[in-house]
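# Working through the structure, step by step
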2 protein chains.
Amino acid sequence: MKFTREDIDTEELDRRRALYGPLTAAVRDLVDATIRTEVDEAVIREVEATVVAATAKLRARQIDGGFGMRFTADGESIAWGNAGIGLRNAIAPPLVIESDDAGLHWTEVTLGAAYEGPPGLVHGGICALVMDHLLGTTASSIEPRFTGTLTLRYRRGTPLGPLRAEARIDRNEGRKTIVVGTLSDDLGVTVEAEGIFIGPATQN
Amino acid sequence: MKFTREDIDTEELDRRRALYGPLTAAVRDLVDATIRTEVDEAVIREVEATVVAATAKLRARQIDGGFGMRFTADGESIAWGNAGIGLRNAIAPPLVIESDDAGLHWTEVTLGAAYEGPPGLVHGGICALVMDHLLGTTASSIEPRFTGTLTLRYRRGTPLGPLRAEARIDRNEGRKTIVVGTLSDDLGVTVEAEGIFIGPATQN
């Protein structure tokens, strides 16, 4: 797997965050506008040409393949290409995962038009993306673990808008860690999730 | 839920497809370049300003909220905002789902940098998005059904690149339809999925 060490200090990391964060936020906003726009055909064509030209400028120098996972000399991870949390990934909402001393992990996120499945509702697969990422982070809070099995119970539709997901380790069984969690809107739980996570040593 | 009938004919539908498809493809390409670019700060800033201005042009006239689900007078569905298959959604790969007379449903898709989780591998939640959408479409091939439970077994990491997902109805139990499927790379199965789908009438 592509783990890269970047010999940069905190100041340089902050500089890059301030550089790439706003670009990615602008692209996220463009993704949303592309779905919702009703402007005339001429404007659509003009914007398309603009986007193609802008992309060519970015591609003048670029890495091969995915961003991979990078670490600073201090061991801080830079998962900026990640589809769940990536600072440079406009597909990622991005999720910001918090935790407390009791082991509860949670994220609060507002999902808009780009995450729609059934009309007005979050796509079931996007609910799965949020829960997979949150449960995986929870399982890996002590040491890295990979998803073995993920089970999602959809209790009702999850409306687009502000949501909260929570997770905690339920129990450990040998090298397996079982994590449970929920996705909720302000009326309560919409999706229940359970994940079985496995340490790398026992992975097939 | 937001179901809208659009009084447009096939010709107008084709015109819109040819208008919005290329715009969205350009935005997808920009999402990828945003992750992978290594150009200088000045170019990044310039592209950011260009994207912000382009987005403002698109937002001059736009719908409120999500795209919803629309139908033509002929009953053809227009799920263009959908996070799995949406023609206007740059988050969607987009999936193109095919089926045969025997009930097999499949999709072939190439997932790049924007879908990364662990280095070089597809994010587990993106695997879930693909399988949720494919299994849901398979379950709904006769009448609409909603996901009750989705279980994903991750057998090994799914590499970024060309993938194939397949699904078929395993059995019906009353109003429940059980669908099974797999996600595979050219070396074989990476993820197994099982979904229990429920007709709207029995949903809570």
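What counts as what
- Residues numbered from 1 in each chain as written.
- Chains lettered and ligands numbered in written order.
- Predicted model: local features only at pLDDT ≥ 70, side-chain atom pairs only at ≥ 80, totals over all residues.
- Heavy atoms only, no water.
- Helix = DSSP H or I, 4+ residues; strand = E, 2+ residues; numbered from the N terminus.
- Buried < 20%, exposed > 50% of the residue type's maximum accessible area, 1.4 Å probe, protein only.
- Contact = heavy atoms within 4.5 Å.
- Areas by Shrake-Rupley, 256 points an atom, 1.4 Å probe, with all protein chains shown as cover.
- Lys, Arg positive; Asp, Glu negative; His and termini not counted.
- Charge placed at Lys NZ, Arg CZ, Asp CG, Glu CD.
- Salt bridge = Lys/Arg side-chain N within 4 Å of Asp/Glu carboxyl O.
- Pairing = 2+ DSSP bridges.
- Buried area = accessible area lost by both parts, 1.4 Å probe.
- Polar contact = N/O pair within 3.5 Å; in protein donor to acceptor, adjacent residues only side chain to side chain.
- Core = buried A, V, L, I, M, F, W, Y, C linked by side-chain atoms within 4.5 Å.
- Least-squares fit on C-alpha atoms with pLDDT ≥ 70 in both.
- Axes fitted to C-alpha atoms, helices over the stretch in contact; angles between N-to-C directions.
- Parallel < 35°, antiparallel > 145°, perpendicular 65-115°, else oblique.
- Left-handed = near helix turned anticlockwise from the far one by under 90°.
- Nonpolar A, V, L, I, M, F, W, Y, C, P; charged D, E, K, R; others polar.
- Expected span 1.5 Å × (residues − 1).
- Arc of directions from axis to C-beta.

An unreviewed UniProt entry annotates chain A as Thioesterase superfamily protein originating from Rhodococcus maanshanensis.

What follows is about the overall build of chain A. Of regular secondary structure, chain A possesses three helices and nine strands. The helix and strand sequence of chain A, counted from the amino end, reads β-α-α-β-β-β-β-α-β-β-β-β. The principal-axis extent of the C-alpha atoms belonging to chain A is close to 60 × 45 × 30 Å. Here chain A holds 204 residues, and 51% of them are scored as buried. Residue pairs at least 24 apart in sequence account for 61% of intrachain contacts in chain A once pairs closer than 6 positions are excluded. As displayed, chain A offers around 8,800 Å² of accessible surface, 50% of which is attributable to carbon and sulfur atoms. Mean positive and mean negative side-chain charge positions of chain A (22 and 30 charges, respectively) differ by 5 Å.

Right, let's get into the pattern of salt bridges. Counted according to the given criterion, the structure contains 46 salt bridges over all chains. Here arginine 61 of chain B makes a salt bridge to aspartate 40 of chain A, at a shortest N to O gap of 3.2 Å. Pair noted here: arginine 61 of chain B is in the loop between helix H2 (41-58) and strand E2 (69-72) and aspartate 40 of chain A is in the loop between helix H1 (10-36) and helix H2 (41-59), and the two residues belong to different chains. Look at arginine 61 of chain B and you get partly exposed, because its relative accessible area is 44%. Ionic pairing is found between aspartate 185 of chain A and arginine 156 of chain A, a salt bridge with its closest N-O pair at 2.7 Å. Remark: arginine 156 of chain A occurs in the loop between strand E6 (146-154) and strand E7 (161-173) and aspartate 185 of chain A occurs in strand E8 (residues 176-185); sequence separation between them is 29 residues. Of the residues examined, arginine 156 of chain A reaches a relative accessible area of 26% and is grouped as partly exposed. Taken together, the shared-partner salt bridges connect Glu6, Glu12, Arg15, Arg16 and Arg70 of chain A together with Glu41, Arg45 and Glu48 of chain B into one network.

What follows is about the pairing of E7 of chain A. All names here are of chain A. One ladder, built from seven bridges, connects strand E5 (residues 105-111) with E7; its direction is antiparallel. In the sheet register, tryptophan 106 faces E7, and the bridge partner there is glutamate 166. The pairing of E7 with E8 spans nine bridges and is antiparallel. Looking across to E8, one finds that glutamate 166 is bridged to threonine 182.

Here we take up the interface of chain A and chain B. Chain A puts 85 residues into the contact, and the matching count from chain B is 86 residues. Summing both partners gives a buried area of about 7,700 Å² for chain A against chain B, and 60% of it is carried by carbon and sulfur. Taken together, chain A and chain B are joined by 10 salt bridges. Here chain A and chain B share 42 residue pairs in polar contact (both at pLDDT 80 or more) between them.

A separate point is the nonpolar core. By size, the foremost hydrophobic cluster in this structure holds 100 residues, and its most contacted members are Leu152 of chain A together with Leu152 of chain B. When residues no more than four places from it in sequence are discounted, the contact partners of leucine 152 of chain A are Ala128, Met131, Val191, Glu192 and Ala193 of chain A together with Gly148, Thr149, Leu150 and Leu152 of chain B.

Time to look at the sheet that holds strand E1 (residues 3-6) of chain B. All names here are of chain B. The strand order across the open sheet built from three strands is E1-E2-E3, with neighbouring strands paired in mixed fashion. A strand with exactly one partner marks an edge of an open sheet, and here the two such strands are E1 and strand E3 (77-78). Note that E1 and E2 share four bridges and pair parallel. In the sheet register, arginine 5 faces E2, and the bridge partner there is phenylalanine 71.

Bringing the relation of the copies chain A and chain B into the picture now. Overlaying chain A on chain B yields an RMSD of 0.0 Å, the required transformation being a rotation through 180 degrees with an accompanying axial translation of 0.0 Å. Each copy turns onto its partner about a two-fold axis. Rotation axis and chain A: the residue whose C-alpha lies nearest the axis is threonine 151 of chain A, separated from it by 2.2 Å.

Another point: the packing of H2 of chain A against helix H1 (residues 10-36) of chain B. Relative to each other, H2 of chain A and H1 of chain B sit at 25 degrees, their axes nearing to 9 Å. Looking at the two axes, H2 of chain A sits roughly parallel to H1 of chain B. For the element pair H2 of chain A and H1 of chain B, the recorded crossing hand is left-handed. A per-class count over the contact of H2 of chain A with H1 of chain B returns 14 nonpolar, two polar and eight charged.

Residues spaced three or four apart along an α-helix point in a common direction, a consequence of the helix completing one turn every 3.6 residues. Taking 1.5 Å per residue as the helical rise, H2 of chain A with its 19 residues ought to reach 27 Å, and the 27 Å between its terminal C-alpha atoms agrees with that figure. Taken residue by residue, H2 of chain A has Ile44, Val47, Glu48, Val51, Ala54, Thr55 and Leu58 of chain A as its buried positions. For H2 of chain A, the angular spread of the buried residues around the axis is 135 degrees, confining them to a single face. Turning to H2 of chain A, the residues buried within the fold contact H1 of chain A together with H1 and H2 of chain B.

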